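These are the residues of each chain, in order.
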Amino acid sequence: MKKILIVCGNGLGSSFIVEMNVKKIVKELGKEAEVSHTDLTSAKSEKADIYIGAQDIISNLDDGTRLVFGLKNLLDNNKIKEILAENL
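Peer 1: Before we move on, can you summarise the overall build of the protein with the specific residues and values?
Peer 2: Within the protein one finds four helices and four strands. Secondary structure of the protein in N-to-C order comes out as β-α-β-α-β-α-β-α. Over its C-alpha atoms the protein spans a radius of gyration of 11 Å, differing by no more than 12% from the 12 Å that the globule rule assigns to 88 residues. Overall, the C-alpha framework of the protein stretches about 30 × 25 × 20 Å when taken along its three principal axes. Counting only residues that meet the buried cut, the protein has 41% of its 88 residues in that class. Separation of charge centres in the protein, based on 12 positive and 13 negative side chains, amounts to 3 Å.

Peer 1: Outline the environment of K27, listing residues and values.
Peer 2: The residue K27 is located in helix α1 (residues 13-28) in this model. Separated by 17 residues in the primary sequence, K27 and K44 have C-alpha atoms spaced 27 Å apart.

Peer 1: Outline α1, supporting the account with residue identities and numerical values.
Peer 2: Given a rise of 1.5 Å per residue, 16 residues ought to cover 22 Å, and the 23 Å separating the end C-alpha atoms of α1 matches this to within 8%. Among the residues of α1, S15, V18, E19, N21, V22, I25 and V26 are the ones counted as buried. Those residues of α1 that are buried are in contact with β1 (2-8), β2 (33-39) and α4 (77-87). Downstream of α1 by a residue or two, G30 has a phi angle that is positive, lying close to 70°.

Peer 1: So, the pattern of salt bridges: which residues are in play, and what are the values?
Peer 2: If you walk through the whole model with that rule in mind, you get five salt bridges. We note a salt bridge from E46 to K3, for which the minimum N-O separation is 2.9 Å. Within this pair, whereas E46 is found in the loop between α2 (40-43) and β3 (50-54), its partner K3 is found in strand β1, the two being separated by 43 residues in sequence. The exposure class assigned to E46 is partly exposed, which follows from its relative accessible area of 25%. Take K3: its relative accessible area is 16%, and that puts it in the buried class. The salt bridge involving E19 is made with K23; its shortest N-O contact spans 3.0 Å. Placement of both E19 and K23 in helix α1 is noted, with a separation of four residues, approximately one turn of the helix.

Peer 1: For the pairing of β3, give the residues involved together with the corresponding values.
Peer 2: Summarising burial for β3: five of the five residues are buried, a large majority. With four bridges joining them, β1 and β3 adopt parallel strand pairing. By the bridge assignment for β3, I4 is matched with I50.

Quick notes on the rules
- Residues numbered from 1 in each chain as written.
- Predicted model: local features only at pLDDT ≥ 70, side-chain atom pairs only at ≥ 80, totals over all residues.
- Heavy atoms only, no water.
- Helix = DSSP H or I, 4+ residues; strand = E, 2+ residues; numbered from the N terminus.
- Rg over C-alpha atoms; globule rule 2.2 N^0.38 Å.
- Buried < 20%, exposed > 50% of the residue type's maximum accessible area, 1.4 Å probe, protein only.
- Lys, Arg positive; Asp, Glu negative; His and termini not counted.
- Charge placed at Lys NZ, Arg CZ, Asp CG, Glu CD.
- Expected span 1.5 Å × (residues − 1).
- Contact = heavy atoms within 4.5 Å.
- Salt bridge = Lys/Arg side-chain N within 4 Å of Asp/Glu carboxyl O.
- Pairing = 2+ DSSP bridges.

Structure follows, in structure tokens:
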């Protein structure tokens, strides 16, 4: 099962909302994934298959080895669905 990590600056409000949306979309797609959220600092040492977050924050995780997706709008469920459909 793939692990999806939702990342934001503090790992609180916005990443939790996106986590709930991602869980709903994963279910809609008929897929399974472990989904959690965290802050940027913790994400640097946490292993996941897919990292999703705001473009300005998530770019700090893009080291060439991680599958990182930056969102212009964290509530853009259509973009999230597109990312998950292609990568799960």
